Amino acid sequence: MTPSTTHDQRPIGSGFTPASKVDDVMEGIDLTGKNVIITGGHSGLGLVATRALAKAGASVTVGSRNTDPAEKAVAGIADIEVHQLDLLEPASIDAFVARYLDSGRPLHILINNAGYPGSAEIVRDARGYEAQFAANHLGHFQLTLGLHPALRAAVGARVVNTTSGAQRMSDILWDDPHFTTGRYDPSLAYPQSKTANVLFTVELDHRWAADGIRAYAPHPGIVPATAFNKAVGEEAQRAMGLIDESGEPIIDPDRGKKTPEQGAATIVFAATSPLLADIGGVYLNNSDISPLDEDPKPIDLTDPDTEVPVDVVPHSIDPRSAQRLWELSERLIKKPLA
């Protein structure tokens, strides 16, 4: 791969900034008559995105593992449906897909947003797969492939795979992505799943652009206020400079620390912006296309004054790796580990 000549990872001058909010990005966007599915659309960044898309006129279907709290969270938002979806359960994914396809509706926007947080000890699904890779990537991969007929029927659709700047920290662990032969390393498991989100985006766009389906991988920034980031605990959040001594979020969008409305902006930018109409298969940050960091340097995460880079790196957009991951994922969703 020659990154400087074979990719579209170049900012387009969207006019937005790290401080731009959902309302800024959605100004003038009309989604009347459009159908949206968003996983995890009932909490955190997903809920902010759900509200914004519904406000613009879209009909939104939220996929949630636990439907009761999800329905309460979206109560009062117009034209919302909540359906059960457990990304660690293949049968649940198939049932969700079947319900949507049976409705006969085209699907204009699919936002694969739900995320499984990291854990100190390994968690496996029923197939034996490591849970972060299984939920963050494989579950969404199975969901997206199942929904392909509805995406194609939209005659112009987008697939948005919410990722993270953590993609810089690990390539796919090709020899053992599920940590079956070696010690589990939480510092690699989550980054691997986020790299998978970007590679999936690259190959999906390559394969499906001819069907009018484009793909994007937005990095929303670090949003201390979300339950996902709170899951690491106050001590860790304080050490990372995400909350102050009183436990309040530290907001500094120029350094990637954002409010939910700022974080979700890049997600809805990916889903709706006309500036991306002729571009796909790219990683986004700050409501624009990220540049490619072709020579990433090691960073010291123990230094609180270190500004952690989040631009996409070559291993995350390598087309050969993207094809390899797609083929591996097809095999993995068909059978459990031996």
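Thresholds applied
All residue numbers refer to positions counted from 1 along the written sequence of the respective chain. With the structure being a predicted model, the display of local features is reserved for residues of pLDDT at least 70 and the display and counting of side-chain atom pairs for 80 or more, all residues being used for whole-chain, interface and lining totals. Think of the side-chain values as coming from all heavy atoms in the structure, minus any hydrogens and water. Numbering of helices and strands runs from the N terminus, with a helix taken as a DSSP run of H or I at least four residues long and a strand as a DSSP run of E at least two residues long. Relative accessibility under 20% of the residue-type maximum defines a buried residue, over 50% an exposed one, and the middle range a partly exposed one, all with a 1.4 Å probe and only protein chains included. Here a polar contact means two N or O atoms within 3.5 Å. Within protein one must be a hydrogen donor candidate and the other an acceptor candidate, and residues neighboring in sequence count only if both atoms are side-chain atoms. Strands are treated as partners if at least two bridges between them are detected by DSSP. If the strands point away from the viewer and the path from the first strand over the helix to the second runs clockwise, then the crossover is right-handed. Remark: nonpolar core denotes a set of buried residues (Ala, Val, Leu, Ile, Met, Phe, Trp, Tyr, Cys) joined through side-chain atoms within 4.5 Å. For this analysis, residues touch if any pair of their heavy atoms sits within 4.5 Å. Only the six-membered ring of Trp is used, alongside the rings of Phe and Tyr, when aromatic pairs are assigned; centres must lie within 6.5 Å, and planes under 30 degrees apart are stacked while those over 60 apart are edge-to-face, with the rest tilted. What a helix is expected to span follows from its residue count: subtract one and scale by 1.5 Å. Only the stretch in contact is used when fitting a helix axis, every axis being a line fitted to C-alpha atoms; angles between N-to-C directions are given from 0 to 180 degrees. Should an angle fall under 35 degrees it is called roughly parallel, over 145 degrees roughly antiparallel, and 65 to 115 degrees roughly perpendicular, with every other angle called oblique. Note on convention: the crossing is left-handed when the near helix lies turned anticlockwise from the far helix by less than a right angle, right-handed when the turn is clockwise. Throughout, the ten residues Ala, Val, Leu, Ile, Met, Phe, Trp, Tyr, Cys and Pro are labelled nonpolar, Asp, Glu, Lys and Arg are labelled charged, and all others, Gly among them, are labelled polar.

Enquirer: Can you break down the side chain of Ser59 residue by residue, with the values?
Expert: If you trace the backbone, Ser59 turns up in strand E2 (residues 59–64). Overall, the relative accessible area of 19% leaves Ser59 in the buried class. A distance of 2.6 Å separates polar atoms of two side chains, one belonging to Ser59 and the other to Asp79.

Enquirer: Hey, could you go over the pairing of strand E6 (residues 213–219) for me, with residue numbers and the actual values?
Expert: Across the seven residues of E6, six count as buried, placing the element largely inside the fold. Bridging between strand E5 (residues 157–161) and E6 involves four bridges; their strand directions are parallel. Bridging across to E6, Arg158 finds its partner in Arg214. Crossover connection from E5 via helix H7 (residues 186–208) to parallel E6: handedness right-handed. Where E6 and strand E7 (residues 282–285) come together, four bridges link them in parallel fashion. Within E7, the position partnered with Tyr216 by the bridge is Val282.

Enquirer: Please give an account of the pairing of strand E1 (residues 35–39) that cites residues and values.
Expert: Of all five residues in E1, five are buried, a share of seventy percent or more. With five bridges joining them, E1 and E2 adopt parallel strand pairing. By the bridge assignment for E2, Asn35 is matched with Ser59. With respect to chirality, the unit in which E1 leads through helix H2 (residues 44–55) into the neighbouring parallel E2 is right-handed. Two strands pair when backbone bridges link them, and E1 and strand E4 (residues 109–112) are joined in this way by three bridges, in the parallel orientation.

Enquirer: Explain the nonpolar core to me, and be specific about the residues and the numbers.
Expert: Counting residues in hydrophobic clusters, the biggest one holds 45 residues, and the most contacted among them are Leu107, Leu110, Leu143, Leu147, Leu151, Leu204 and Leu325. Of all the elements in the fold, those that place two or more residues in this core are helix H4 (90–103), helix H5 (131–146), helix H6 (148–153), E5, H7, E6 and helix H12 (319–332). If near-sequence neighbours (up to four positions away) are discounted, Leu110 is found in contact with Ile37, Leu143, Thr144, Leu147, Leu151, Arg158, Val159 and Val160. Counting residues in each nonpolar core, the second largest holds 40 residues, with Val22, Leu45, Ala49 and Ala264 among its members.

Enquirer: Tell me about the packing of aromatic side chains, and please be specific about residues and values.
Expert: Scanning the model with the defined rule gives six aromatic pairs in all. Measuring from centroid to centroid gives 5.3 Å for Phe179 and Tyr184, while their planes differ by 80 degrees, and the two rings are edge-to-face. Tyr184 carries the same exposure label as Phe179, and that label is buried. When the centroid spacing of 5.8 Å and the interplanar angle of 85 degrees are considered together, the rings of Trp208 and Trp326 count as edge-to-face. Taken together, the residues Trp208 in helix H7 and Trp326 in helix H12 connect sequence positions 118 residues apart.

Enquirer: Talk me through the environment of Arg324; I want residue IDs and the actual numbers.
Expert: One can find Arg324 in helix H12. For the pair formed by Arg324 and Phe200, sequence separation is 124 residues and the distance between their alpha carbons is 9.9 Å.

Enquirer: Before we move on, could you go through the environment of Pro69 and cite the residues and values that matter?
Expert: You can see Pro69 is positioned in helix H3 (residues 67–74). On the basis of relative accessible area, Pro69 is assigned to the partly exposed category, the value being 46%.

Enquirer: How would you sum up the side chain of Arg127? Please name residues and give values.
Expert: Mapped onto the secondary structure, Arg127 falls in the loop between E4 and H5. The exposure class of Arg127 is buried, given its relative accessible area of 12%. Polar side-chain contacts of Arg127 include one of 2.8 Å to the side chain of Asp125. Once residues lying within four places of it in the same chain are set aside, the contact partners of Arg127 are Pro90, Ala134, Gln142, Leu332, Ile333, Pro336 and Leu337.

Enquirer: Explain H12 to me, and be specific about the residues and the numbers.
Expert: The end-to-end C-alpha distance of H12, which contains 14 residues, comes to 20 Å, matching closely the 20 Å that a straight helix rising 1.5 Å per residue would cover. Regarding H12, the residues found buried are Ser321, Ala322, Leu325, Trp326, Leu328, Ser329 and Leu332. Buried residues along H12 sit against H5 and H7. Measuring from the backbone nitrogen of Arg320 back to the side-chain oxygen at the start of H12 gives 2.8 Å, which picks out Asp318 as the cap.

Enquirer: So what's going on with the packing of H5 against H7? Residues and values would help.
Expert: Closest axis-to-axis distance for the H5/H7 pair is 7 Å, and the angle between their directions is 20 degrees. By the criterion of interaxial angle, the relationship of H5 to H7 is roughly parallel. The interaxial crossing formed by H5 with H7 has right-handed handedness. Counting all contacts with H5, which are made through Gln132, Phe133, Asn136, His137, His140, Phe141, Thr144 and Leu145, the residues of H7 involved are Ala189, Tyr190, Gln192, Ser193, Lys194, Ala196, Asn197, Phe200, Leu204 and Trp208. In terms of residue class, the contact of H5 with H7 is made up of nine nonpolar, eight polar and one charged.

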